[in-house]
Amino acid sequence: MACASFVKLNASSSQWIWQQSFTQRGSSSKAAARRFATPIRAGSYSEELVKTAKTIATPGRGILAIDESNATCGKRLASINLDNTEVNRQAYRQLLLTTPGLGEYISGAIFFEETLYQSTTDGKKFVDCCREENIMPGIKVDKGLVPLPGSNNESWCQGLDGLASRSAEYYKQGARFAKWRTVVSIPCGPSALAVKEAAWGLARYAAISQDNGLVPIVEPEILLDGDHSIERTREVAEQVWAEVFYYLAQNNVLFEGILLKPSMVTPGAEHKEKASPETIANYTLTVLKRRVPPAVPGIMFLSGGQSEVEATLNLNAMNQSPNPWHVSFSYARALQNTVLKTWQGRPENVKAAQTALLIRAKANSLAQLGRYSAEGESEEAKKGMFVKGYTY
């Protein structure tokens, strides 16, 4: 088991280094001294990275995740009997990104690569639609999950090859932050190999992103799959988040220029007992305070298959007292489910669907401020969206 603590470099610095001793590493005192002597750096983009991260982590705002792969977007469209064509994907994303007033509640939008280069039917780039609403455009840069050899049927995330050149092109196209999602499965262990691979991959991606002007969203998702207790999730979250920040520090990542996108600490989806929002908030914040340095500007939670209302209630519970970081949301399904069902692919339903998006965005904005109430929420918004073995 790791023994961990944070060491502040000096009284005036907001840079923190993760000090962690692992018996298997057997670090000598001289090696440890060399490690602490390594400077934190993010190249020529340092000031811009900090500014971007702070802009995304502004009070009452969070992230709209529309970075589903074409295959996953196709599944969403199929649920309303639409074919998976670029025209239909573009129409749906145009609906979302041209919603009037969206920037009041949304500070960032994560794109799939196709979306970054798309425009509205009137010829306006989606990137420009975001800028007009003071929404930062972002880009999913990982290449998905593949089996991890030598593990317990676990996965690792690919995409580091060519990432620097791709990131530079995404920056030129207008993206200002990036996202890399990797997963850890509790029913599969998780094995030490899978945790280390997830953490190292996230750290290398983060360093490459910062070197090319993109704020990295670090997303170590602990899957909801399983019948484990909330205590077991807490144990795994502590282990995973410790490893992630250890390797972020090893790779000289500027903590002030990243955002963390973790899972909430909840019981497994198949556990016999549900946890209240207050319990989930208590467990989640406890682990975050143990593992995440306050230099990180924002914690942008993923919803991971929770219902729209569940995700909002849990976020609200976490904002009932001050936190060291901006605690907010980076939701996909928990912002879009009702929107998609309202739209149904019909042009005459676009305004109603945009209104549905604003309702969900405002609800989560209020939750970020700790002022949300579930009174008046629709039954549709209360339906869970967990899918066993879900892939993006």
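This is a predicted model, so every value here is computed, not measured. (Residues numbered from 1 in each chain as written. Predicted model: local features only at pLDDT ≥ 70, side-chain atom pairs only at ≥ 80, totals over all residues. Heavy atoms only, no water.)

1. A word on the packing of helix H3 (residues 70-78) against helix H4 (residues 86-97)
Interhelical geometry of H3 versus H4 gives an angle of 75 degrees and a closest axis separation of 11 Å. Taken as axis vectors, H3 and H4 run roughly perpendicular relative to one another. Contacts between H3 and H4 involve Asn-70, Cys-73 and Leu-77 from the former and Asn-88, Arg-89 and Arg-93 from the latter. Classifying every residue of the contact of H3 with H4 gives 2 nonpolar, 2 polar and 2 charged. (Axes fitted to C-alpha atoms, helices over the stretch in contact; angles between N-to-C directions. Helix = DSSP H or I, 4+ residues; strand = E, 2+ residues; numbered from the N terminus. Parallel < 35°, antiparallel > 145°, perpendicular 65-115°, else oblique. Contact = heavy atoms within 4.5 Å. Nonpolar A, V, L, I, M, F, W, Y, C, P; charged D, E, K, R; others polar.)

2. Quick look at the sheet that holds strand E10 (residues 259-260)
Strand-to-strand pairing in sheets goes through backbone hydrogen bonds, with the strands running parallel or antiparallel. With parallel pairing, 8 strands are arranged side by side around a closed barrel as E3-E4-E5-E8-E9-E10-E11-E12. The pairing of strand E8 (residues 177-184) with strand E9 (residues 215-222) spans 8 bridges and is classified as parallel. Along E9, the bridge assignment pairs Val-183 with Glu-221. (Pairing = 2+ DSSP bridges.)

3. Considerations on the pairing of strand E11 (residues 298-301)
Neither face of E11 is exposed, since Gly-298 and Met-300 on one face and Ile-299 and Phe-301 on the opposite face are all buried. One ladder, built from 2 bridges, connects E10 with E11; its direction is parallel. Residue pairing across strands places Leu-260 opposite Ile-299, the latter belonging to E11. For the handedness criterion, the β-α-β arrangement of E10, helix H10 (residues 277-291) and E11 is classed as right-handed. For E11 and strand E12 (residues 326-331), the ladder comprises 4 bridges, and the chain directions are parallel. Along E12, the bridge assignment pairs Gly-298 with His-326. (Buried < 20%, exposed > 50% of the residue type's maximum accessible area, 1.4 Å probe, protein only. Right-handed = clockwise from strand over helix to strand, strands pointing away.)

4. Some details on the packing of aromatic side chains
Under the definition given, this model contains 7 aromatic pairs. Ring plane angle 20 degrees and centroid distance 5.5 Å describe the contact between Tyr-92 and Trp-343, whose orientation is recorded as stacked. Linking Tyr-92 in helix H4 with Trp-343 in helix H12 (residues 333-343), this pair joins segments that are 251 residues apart in sequence. As far as the burial class goes, Tyr-92 and Trp-343 line up, both buried. Relative to Tyr-331, the ring of Phe-329 has its centre 5.5 Å away and its plane inclined at 40 degrees; by these criteria the two rings are tilted. These aromatic residues form a ring-pair network of at least three members: Trp-200, Tyr-246 and Tyr-247. The ring of Tyr-171 is capped by Arg-176, whose NZ or CZ atom sits 3.7 Å from the centre of that ring. (Phe/Tyr/Trp six-rings, centres within 6.5 Å; stacked < 30°, edge-to-face > 60°. Lys NZ or Arg CZ within 6 Å of the ring centre and 35° of its normal.)

5. Overview of the confidence of the model for the chain
The pLDDT averaged across the chain works out to 89; a share of 85% of its residues lies at or above 70. Counting interchain partners and residues more than four positions distant, the pLDDT-below-50 stretch residues 1-29 has 56 contacts. Confidence drops under a pLDDT of 50 for residues 31-37, and excluding neighbours within four residues, the segment shows 7 contacts in the predicted structure. (pLDDT = per-residue confidence, 0-100.)

6. Digging into the packing of H12 against helix H13 (residues 350-368)
The interhelical angle for the contact between H12 and H13, taken along N-to-C directions, is 160 degrees, at an axis separation of 8 Å. One way to sum up the angle between H12 and H13 is to call them roughly antiparallel. The handedness of the crossing between H12 and H13 comes out as right-handed. Contacts from Ala-334, Leu-335, Thr-338, Val-339, Thr-342 and Trp-343 in H12 reach Val-350, Ala-352, Ala-353, Ala-356, Leu-357, Arg-360, Ala-361 and Asn-364 in H13. (Left-handed = near helix turned anticlockwise from the far one by under 90°.)

7. Some thoughts on the pairing of strand E5 (residues 136-140)
Most of E5 sits inside the fold, with 5 of its 5 residues counted as buried. Burial of the side chains of E5 extends over both faces: Met-136, Gly-138 and Lys-140 are buried on one face and Pro-137 and Ile-139 on the other.

8. Side note on helix H2 (residues 46-56)
An α-helical segment advances 3.6 residues per turn. Residues three or four places apart therefore align on the same side. Along H2, the positions that sit buried rather than exposed are Leu-49, Thr-52, Ala-53, Thr-55 and Ile-56. The arc enclosing the buried residues of H2, seen along the axis, measures out at 160 degrees, which places them on a common side. In H2, the exposed positions that point more than 90 degrees away from the buried face belong to Glu-47, Lys-51 and Lys-54. (Arc of directions from axis to C-beta.)

9. Structural notes on the environment of Glu-86
Tracing the backbone through its elements, the reader meets Glu-86 in helix H4. The exposure class assigned to Glu-86 is partly exposed, which follows from its relative accessible area of 45%. Considering only alpha carbons, one finds Glu-86 and Thr-115, 29 residues apart in sequence, at a separation of 9.8 Å. If near-sequence neighbours (up to four positions away) are discounted, Glu-86 is found in contact with Glu-114 and Gln-118.

10. As for the pattern of salt bridges
For the coordinates displayed, the defined rule picks out 15 salt bridges. Salt-bridge contacts for Asp-142 lead to Lys-140; the nearest nitrogen and oxygen are separated by 2.9 Å. In this structure Asp-142 comes out as buried when scored by relative accessible area, which is 7%. Of the charged contacts in the structure, one is a salt bridge between Glu-169 and Lys-172, with a shortest N-O distance of 3.6 Å. Residue Glu-169 and its partner Lys-172 are located together in helix H7 (residues 163-173), separated by 3 residues, close to a single helical turn. A relative accessible area of 41% means that Glu-169 is categorised as partly exposed. We classify Lys-172 as exposed; its relative accessible area is 66%. Here the salt bridges do not stand alone but share partners, grouping Asp-67, Lys-179 and Glu-219 into one network. (Salt bridge = Lys/Arg side-chain N within 4 Å of Asp/Glu carboxyl O.)

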